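Observations on chain architecture
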Amino acid sequence: MTPRNAVWAWVVPSLLATFVIGAPTTEILQHALQAGRDDLHPDENYKVHTSTEQNIACHRGVGPAGTYGAETSDCDSPLALVNATLGWVTANLKDSIDFVVWTGDSARHDSDEDIPRRNKDILAMNRRIADSFVNTFSDDEGLVVPVVPTFGNNDIYPHNILMPGPNKILKAYNDIWGSFIPETQRHSFEFGGWFYVEVIPDKLAVFSLNTLYFFDRNAGVDDCAHPSEPGYKHFEWLRVQLQFMRERGMKAILMGHVPPARTSGKQLWDETCWQKYTLWLQQYRDVVVSSLYGHMNIDHFLLQDTGDIDLSFMEAESERPAVIRESMKEEFSIKSSTDYLLELRDDWSKLPDPVVKDVEESGKKKKHKKNKLGGAWAERYQLALISPSVVPNYFPSIRVFEYNITGLEDAPTWVDTVRGARPGGSSIHEPEFRELELRSEPDVEIEKKKKKNKGNKGSDPKTPQLQIPDPPAKEDPPGPAYFPQPLTLTGFTQYYANLTYINNDIADNNEADEASLMRWNAGKHKGKKPKHEKPKPREFNFEVEYTTFDDKIYKLKDLTVKSLLKLAHRIGQTSSTDSNGLAEDFGDEYEDDEDSDLFPEDGESERLDDELEIEKKKKKHKGGKKKKSDDEIWLHFLGHAFVRTRSIDELKDLE
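Residues numbered from 1 in each chain as written. Predicted model: local features only at pLDDT ≥ 70, side-chain atom pairs only at ≥ 80, totals over all residues. Heavy atoms only, no water.

1. What about the overall build of the protein?
Of regular secondary structure, the protein possesses 15 helices and 20 strands. Burial analysis of the protein (655 residues in total) assigns 61% to the buried set. Sequence-distant contacts, at least 24 apart, represent 80% of the contacts inside the protein between residues at least 6 apart. Accessible area of the protein: about 26,500 Å², with a carbon and sulfur share of 48%. (Helix = DSSP H or I, 4+ residues; strand = E, 2+ residues; numbered from the N terminus. Buried < 20%, exposed > 50% of the residue type's maximum accessible area, 1.4 Å probe, protein only. Contact = heavy atoms within 4.5 Å. Areas by Shrake-Rupley, 256 points an atom, 1.4 Å probe, with all protein chains shown as cover.)

2. Some details on the sheet that holds strand β17 (residues 381-386)
Reading across the sheet, the 6 strands line up as β10-β11-β12-β14-β17-β15 and stay open at both edges, with mixed pairing between neighbours. With one partner strand each, in any of the chains shown, β10 (195-200) and β15 (300-305) form the two edges of the open sheet. Each adjacent strand pair in this sheet contributes to an overall mean axis angle of 25°, direction not counted. Of the strand pairs in this sheet, β10 and strand β11 (residues 204-208) are connected by 4 bridges, and their pairing is antiparallel. The partner of Tyr 196 across the bridge, within β11, is Phe 207. Packed onto the sheet, helix α11 (residues 561-572) meets β15 and β17 and runs at close to 105° relative to β15. (Pairing = 2+ DSSP bridges. Axes fitted to C-alpha atoms, helices over the stretch in contact; angles between N-to-C directions.)

3. Digging into unusual backbone geometry
Between Tyr 157 and Pro 158 the backbone carries a cis peptide bond, its omega angle lying at -5°. If you trace the backbone, Pro 158 turns up in the loop between β9 (147-149) and α3 (168-176). Of note, Asn 55 is a non-glycine position whose phi angle comes to about 65°, a positive value. When you line up the elements, Asn 55 lands in the loop between β4 (42-43) and β5 (77-78). For Asn 55, a relative accessible area of 26% puts it in the partly exposed group.

4. A few points about the side chain of His 300
Tracing the chain through its elements places His 300 in strand β15. Residue His 300 is classed as buried on the basis of its relative accessible area of 2%. Of the polar contacts made by the side chain of His 300, one reaches the backbone oxygen of Ile 298; its length is 3.0 Å. Those residues in contact with His 300 that sit more than four places away from it in its chain are Tyr 340, Leu 341, Leu 344, Leu 385, Ile 386 and Phe 637. (Polar contact = N/O pair within 3.5 Å; in protein donor to acceptor, adjacent residues only side chain to side chain.)

5. Description of α11
Its 12 residues give α11 an end-to-end C-alpha distance of 16 Å, which sits within 8% of 16 Å, the value for a rise of 1.5 Å per residue. Most of α11 is tucked away: 10 of the 12 residues are buried. Buried residues of α11: Val 561, Lys 562, Ser 563, Leu 564, Leu 565, Leu 567, Ala 568, His 569, Ile 571 and Gly 572, and no others. As for α11, its buried residues are in contact with β15, α7 (334-348), β17 and α14 (631-641). (Expected span 1.5 Å × (residues − 1).)

6. Things to note about the packing of aromatic side chains
To describe a pair of aromatic rings, one takes the distance between the centres and the angle between the planes. By the definition in use, this model includes 35 aromatic pairs. Ring centres of Tyr 68 and Phe 540 lie 4.9 Å apart, and the angle between their planes is 55°; on these two criteria the pair is classed as tilted. Here Tyr 68 is found in the loop between β4 and β5, whereas its partner Phe 540 is found in the loop between α10 (499-503) and β20 (543-547), with 472 residues between them in sequence. Tyr 68 sits in the buried class, given a relative accessible area of 15%. Exposure remark for Phe 540: the relative accessible area of 11% places this residue in the buried category. Judged by centre distance (5.8 Å) and plane angle (65°), the rings of Trp 348 and Phe 637 are edge-to-face. In this pair, Trp 348 sits in helix α7 while Phe 637 sits in helix α14, placing the two residues 289 residues apart along the sequence. Residues Trp 348 and Phe 637 agree in their burial class; the two are buried. Through successive ring pairs, a cluster of aromatic residues spans Trp 102, Phe 133, Phe 137, Phe 151, Tyr 173, Trp 177, Phe 180, Phe 189 and Phe 195. The positively charged end of Arg 345 is found above the aromatic ring belonging to Trp 634, 4.2 Å away from the centroid. (Phe/Tyr/Trp six-rings, centres within 6.5 Å; stacked < 30°, edge-to-face > 60°. Lys NZ or Arg CZ within 6 Å of the ring centre and 35° of its normal.)

7. Examining the state of the cysteines
As used in these notes, a disulfide is a covalent bond between sulfur atoms, one from each of two cysteines. For the structure on display, the rule yields 2 disulfides. Two residues share a disulfide in this structure: Cys 58 and Cys 75, whose sulfurs sit 2.2 Å from each other. Between Cys 58 and Cys 75, the S-S dihedral sits near 85°, and the bridge is therefore right-handed. In this pair, Cys 58 sits in the loop between β4 and β5 while Cys 75 sits in the loop between β4 and β5, placing the two residues 17 residues apart along the sequence. There is no split in this pair, since Cys 58 and Cys 75 are both buried. The disulfide partner of Cys 224 is Cys 273, and the S-S distance across this bridge is 2.0 Å. Residues Cys 224 and Cys 273 share a disulfide whose torsion about the S-S bond is about 85°; that sign makes it right-handed. One end of the pair, Cys 224, is in the loop between β11 and α5 (230-247); the other, Cys 273, is in helix α6 (residues 271-283), and 49 residues separate them in sequence. Take Cys 224 and Cys 273: they sit in the same class, and that class is buried. Indicated for the protein is the disulfide connectivity 1-2, 3-4, based on numbering the bonded cysteines in sequence order. (Disulfide = S-S within 2.5 Å.)

Structure representation (structure tokens):
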């Protein structure tokens, strides 16, 4: 296998690049592109030098809308930006990417009452973008790298609402994405909009999750606890397929549109879906490499805490505690995004100190005393990476990941297998419904709930018991999300296009006013007129915004959970919340022992009950002051979140 890159969320073929990292272990790295295909939002009605005001949306009037987009405004992307991005990728990255992850939202918003969205227009634009992917990543015989798409909440009509399948929308996308969905999975896709692609045959699969069935704003579905709901069926499919990956010795990257964002006060997913997702990732932590998402347009990451798992949310007939989190706002303004990031920082201030001693370089597990992280590799936590977008709410962005392919240098590529270059070959054509091949074992019973269900008049005796996936074998080393090994993500390079410079219309000397930070954002050039009567843009180009490999403030060794946990902890320390005592109380009950597991294989649940009660013991602390020197990492994080579109003074004013 020739070392290359893997793409997330946009257009980019393969990147042939091999890097050798020095002592103590030599690693061969391959690239993975998450090229700004997150939230592209192409708008065929966009016109240059029109107004960015609300309900005009760069469609008419006179204003600062530039040739390649109205950066920092809520206008959608002109097709010129789409074409220029594809052109830049073709010229600079095309021969370096192993696979493309396309996280959805390839249609414009419904922002102009004079030009309402229609379903046929949404589907037509998605087909147009899909054809662009095919053209970009193909040779005379067809696709040369796999493209893995998923739905965005604006790829359907009405937006946010996707009814259970089969339905006309899923059938339409089954056709639109015909070049991307493996033939053996077409039927299941039409049933629920989910599938996976073995981007490195027999080694690595990318799972396209239909997160619209988890999204709490989807009024067409309810939850992930009831067997009749598509969210429940989605997790059953995912459980079976991840077990299949484990049995075959494969790893998986999960991707979707709406991320599992969840703070102490807000969330994007229905709580039952978040709970089941966190449980599944905990049990398949030896299989899942990472999770990649879009939707929010801001560059950041999430940590799911398995200490928050509460099994009562996953049973259809159980009495669940009240959910105290509210749904996040429909669109992400600067103000709402900042409030969300501040909440995230406050939550991170409660993280235990991730500095753990006695870690063996070999990756073998060692006995530790009580540990707040769930072990030396922080297996209590899970990581989700969220990329900024191409749509220029900030500056358009492209992300290129690198991952370790040590030992996989000679492995057949996706195109080798698809074109039959490997005789006898084929993991891509596995049976469609792996459920039929699962070993027959009794379901793991949740004993603490059974006695409650016996007396419930409304209980359905046919409701199946919650089947908890098996955890990794006790003797297995930590997975690639936790310990550096083949397929571990080692870092990424973030590119951006400075549209203020490229559009060459208005001097970059305008700061956002307070009103623009709320709801509709007309952008930092609001009310300004272009300096040229006719557009005179400079040459379109992406440049490096930052790379995790040499960022002197982030100091990330790789993209393992523990590396990002350390970063989150450092950012959390800039919060005014005094959390030292809380971290101690919360962490003391987490025991790290090579003989312990969150879900014991013998089905006992008493220790799980104790761990799931930890949150109830949390204490609130007041007071505490952050050091001025600590602000640097917080402002650095905010600057990247908004893709360099805000000055340091503006970032300070946001807090």
